[in-house]
Every structure is written in structure tokens, then in C-alpha cells.
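Structural features, examined
One letter stands for each residue in the lines below.
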Amino acid sequence: QVQLVESGGGLVQAGGSLRLSCAASGRTFSSYAMGWFRQAPGKEREFVAAISGSGGSTYYGDSAKGRFTISRDNAKNTVNLQMNSLKPEDTAVYYCAARGSRRYSKLEADFGSWGQGTQVTVSS
């Protein structure tokens, strides 16, 4: 399994931007598709975005399309989530996850390693 540590969360006003980062351990980072999920209070965890092991393919949940961008740097073992035009409904704990396959997925069950989460709060 790969160890994941998220950073970059915080408090931002509506319309603002945040960049989340996830640092992964291990030497075979490019073997893992990566994803971002989020969970708001009282709600189920929701898929946000995913990226293939090479970084050549990305996939977004409906809430992220047009506003968020997922990217990765395999040389640095990091995956990022650039979030623009943030809304109060984006408030949640954001989790980075790794899948033991280079193919991306939007299914939570496909990801075997998870970070501890980082809080994002968007004020109105």
C-alpha cells in the first residue's frame, strides 16, 4: 500500500481558489491511479476527480467539472487538485486516494489507500 498525506486545505471565501496536494510514499507512484473524494457533514463520501497513472487521462464528478483540475507529478510523487470558483457547498473534508491500477476509477471501492483528509471550508 502507498501512504498518502494531504495538505492545502483551509478557509476561503466563495469565488476563491485553493490548491490541494497529496504526497505519496513509494517508488512506483506512476503505477497508481489517483483520486480525490470529499465528504461533507452528514453526507456520504463523494467522488471529485481521478487521474490515470500516467496522468494522461482525467475524470471529474459533476460537481467538479469546469471548476476543478486534477494533475500529478510522478517525479515528485504528488497529485494536486486545483479548485477555482469555490462555493459554500464545496465545504467538506477532502481525501486523496490511490488505486492499485494505472486505470482511473470513480468508485470508492476501487481505491485501497486513503489519506487522513484535509478540511476545506468555503464561506459565503
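Presented here is an overview of the structure given in this document. Quantities reported herein were computed from a predicted structural model and do not represent experimental measurements. (Residues numbered from 1 in each chain as written. Predicted model: local features only at pLDDT ≥ 70, side-chain atom pairs only at ≥ 80, totals over all residues. Heavy atoms only, no water.)

Brief notes about unusual backbone geometry
Where we set the bar: Working definition: helices are DSSP H or I runs of at least four residues, strands are E runs of at least two. Numbering for both runs from the N terminus. The classification of residues rests on relative accessible area computed with a 1.4 Å probe and restricted to protein chains. Under 20% of the type maximum is buried, over 50% is exposed, and intermediate values are partly exposed.
Positioned with a positive phi, Asn77 is a non-glycine residue whose angle comes to about 55 degrees. In this structure, Asn77 sits in the loop between strand S7 (68-73) and strand S8 (78-83). Classification of Asn77 as buried rests on a relative accessible area of 14%. You will see that Ser85, though not glycine, has its phi angle at about 50 degrees, which is positive. Along the chain, Ser85 turns up in the loop between S8 and strand S9 (92-99). Classification of Ser85 as partly exposed rests on a relative accessible area of 41%.

Here's the deal with the layout of surface pockets
As a reminder of what qualifies: The way it works is a 1 Å grid over only the protein atoms, where trapped points that fit a 1.4 Å probe form a cavity and open points with protein on both sides within 12 Å along at least five of seven lines form a pocket, and then any residue with an atom within 4 Å of a point lines it. Grid points are joined across faces, edges and corners, and a volume is the space filled by probe spheres set on the points. Polar here means any residue outside two lists: the nonpolar Ala, Val, Leu, Ile, Met, Phe, Trp, Tyr, Cys and Pro, and the charged Asp, Glu, Lys and Arg; Gly therefore counts as polar.
If you add up the space inside the largest pocket, you get close to 150 Å³. Forming the walls of the largest pocket are Arg38, Gln39, Ala40, Lys43, Glu44, Glu46, Glu89, Thr91 and Ala92. Tallied by class, residues from the lining of the largest pocket come to two nonpolar, two polar and five charged.

Some words on the side chain of Arg38
Basically, it comes down to this: Under this definition, polar contacts are N or O atom pairs within 3.5 Å; protein pairs additionally need one hydrogen-donor-capable and one acceptor-capable atom, and for neighbouring residues in sequence, both atoms have to be side-chain atoms. Any two residues whose heavy atoms approach within 4.5 Å at even a single point are treated as in contact.
Tracing the sequence through the fold places Arg38 in strand S4 (residues 33-39). Within the structure, the side chain of Arg38 is placed 3.2 Å from the side chain of Ser63, a separation counted as a polar contact. Arg38 has contacts with Glu44, Arg45, Glu46, Val48, Ser63, Phe68, Glu89, Asp90, Ala92, Val93 and Tyr94, leaving out every residue within four places of it along the chain.

A few points about the packing of aromatic side chains
For clarity, the cut-off: Classification of ring pairs rests on two measures: the distance between centres of Phe, Tyr or Trp rings, Trp counted by its six-membered ring, which must be within 6.5 Å, and the angle between planes, read as stacked under 30 degrees, edge-to-face over 60 and tilted in between.
One pass over the structure, following the stated rule, counts six aromatic pairs. Each ring, one from Phe37 and one from Phe47, has its centre 5.6 Å from the other, and the planes form 70 degrees; the classification is edge-to-face. Separated by 10 residues along the polypeptide, Phe37 in strand S4 and Phe47 in strand S5 (residues 46-51) bring together distant segments of the chain. Given a relative accessible area of 1%, Phe37 falls into the buried group. In this structure Phe47 comes out as buried when scored by relative accessible area, which is 12%. Judged by centre distance (5.2 Å) and plane angle (80 degrees), the rings of Phe37 and Phe111 are edge-to-face.

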